[in-house]
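This is what each chain is made of:
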Amino acid sequence: MLRSCHALLASLAVALPTATSAATPQSFKGEYTVSVHGFSVAKASFSSSYEGDAYSIEGSVSSAGLATIFDDTRGTVSSKGKISGKQLQPQAFRADYKSGDKASMIDIQFANGAVTATKVVPAPKKRNPKNWIPLAASHLASVLDPMAATVIPADSLDKVCGRTVKLYDGEMRANLTLTYESKGSTSVRGYEGDTVTCRLDFEPVAGYRKNRKSLDYLRKRSRIMVTFAPVGQTGVYAPIHATVGTKIGTLTVSAERFEATD
């Protein structure tokens, strides 16, 4: 379950630099809550540091509130890489998490924008070739890990939407297409100013089971909206608010802190 969350939710809470960042080291802190029907179900905290064309991110995600009764999950995530022009190039991604007594891990290695190795613990079960869409080498080129997939390098708020991001979460490849919806403004700890909201369309590409109900719902029926705000003067726009329609109701991700710390 958390693997899917990393693919679509944890990735909504990270800030990275671009090549426009100053050579002086900079850092950013983001703290988020995840709620359904007004009840908190998870919390996430991310810290990123970057200098020149290199970035490094560390974060933690845990279930909260009523969710701990049903699924007490805690995890850590990390990502590092380089920035080339307006393109992010991950080098390594790792997620370690524990749900109850069960421990899991995802480790992805990259080179030149392509996945070179993936390790998942416990190993995925044997797939039925009749209903499984397998990954091909071509699916793993020019992809982003879940930490970087929805962070947008852009020249302005007007240019954040109108793009498709290739996501790889350690098993599934999916496309995230952002379409302009509206502009607005917000105020949270560390940031007060303009925002832009994009509609996010989710399309699985490979590495998934056909007719999987949760994926079919995300692809065909879910309304996913992501609101972006600028991360200081870095030229990067990161999610500050998001809503995801699910079968049990609308899941909301909200920043409680969105702040440059250096």
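Structure: see above.
Since the model is a prediction, treat every value here as computed from it, not as a measurement.

What counts as what
- Residues numbered from 1 in each chain as written.
- Predicted model: local features only at pLDDT ≥ 70, side-chain atom pairs only at ≥ 80, totals over all residues.
- Heavy atoms only, no water.
- Helix = DSSP H or I, 4+ residues; strand = E, 2+ residues; numbered from the N terminus.
- Buried < 20%, exposed > 50% of the residue type's maximum accessible area, 1.4 Å probe, protein only.
- Contact = heavy atoms within 4.5 Å.
- Areas by Shrake-Rupley, 256 points an atom, 1.4 Å probe, with all protein chains shown as cover.
- Salt bridge = Lys/Arg side-chain N within 4 Å of Asp/Glu carboxyl O.
- Phe/Tyr/Trp six-rings, centres within 6.5 Å; stacked < 30°, edge-to-face > 60°.
- 1 Å grid on protein atoms, 1.4 Å probe; cavity = no way out; pocket = protein on both sides within 12 Å on 5 of 7 lines; lining within 4 Å.
- Points joined across faces, edges and corners; volume = space filled by probe spheres on them.

1. Observations concerning the overall build of the protein
Next, step 1: The helix and strand inventory of the protein stands at 3 helices and 16 strands.
Next, step 2: Expressed as a percentage of its 262 residues, the buried residues of the protein come to 50%.
Next, step 3: Counted over contacts in the protein with a minimum sequence separation of 6, partners at least 24 positions apart contribute 57%.
Next, step 4: As displayed, the protein has an accessible area near 12600 Å², and 50% of this comes from carbon and sulfur atoms.

2. Observations concerning the pattern of salt bridges
Next, step 1: Under the counting rule described, the total for this entry stands at 12 salt bridges.
Next, step 2: Measuring nitrogen to oxygen at the nearest pair gives 2.8 Å for the salt bridge that ties glutamate 259 to arginine 257.
Next, step 3: Taken together, the salt bridges that share partners define one network made up of Glu31, Arg189, Arg257 and Glu259.

3. Some thoughts on the packing of aromatic side chains
Next, step 1: This structure, assessed with the given rule, holds 2 aromatic pairs.
Next, step 2: Their ring planes at 70° and their centres at 6.0 Å tell us that tyrosine 191 and phenylalanine 258 sit as a pair that is edge-to-face. Here the residue tyrosine 191 occupies a position in strand β12 (residues 191–206), and phenylalanine 258 occupies one in strand β16 (residues 249–260), the gap between them amounting to 67 residues. Phenylalanine 258 shares its class with tyrosine 191; the two are buried.

4. With respect to unusual backbone geometry
Next, step 1: The omega torsion across valine 121 and proline 122 is -5°, close enough to zero to call that bond cis.
Next, step 2: Mapped onto the elements of the fold, proline 122 is located in the loop between β7 (114–121) and β8 (132–133).
Next, step 3: Not every positive phi belongs to a glycine, and histidine 37 is a case in point at roughly 55°.
Next, step 4: In this structure, histidine 37 sits in the loop between β1 (26–36) and β2 (39–51).

5. Describing the layout of surface pockets
Next, step 1: Computed from the structure, the second largest pocket encloses a volume of approximately 360 Å³.
Next, step 2: Together, 16 residues line the second largest pocket, and Gln87, Leu88, Ser142, Leu144 and Val165 are the ones closest to its centre.
Next, step 3: Elements supplying a minimum of two residues to the lining of the second largest pocket: β5 (87–99), β9 (152–153) and β10 (163–168).
Next, step 4: It is β10 that provides the largest number of residues to the lining of the second largest pocket, a total of 4 residues.

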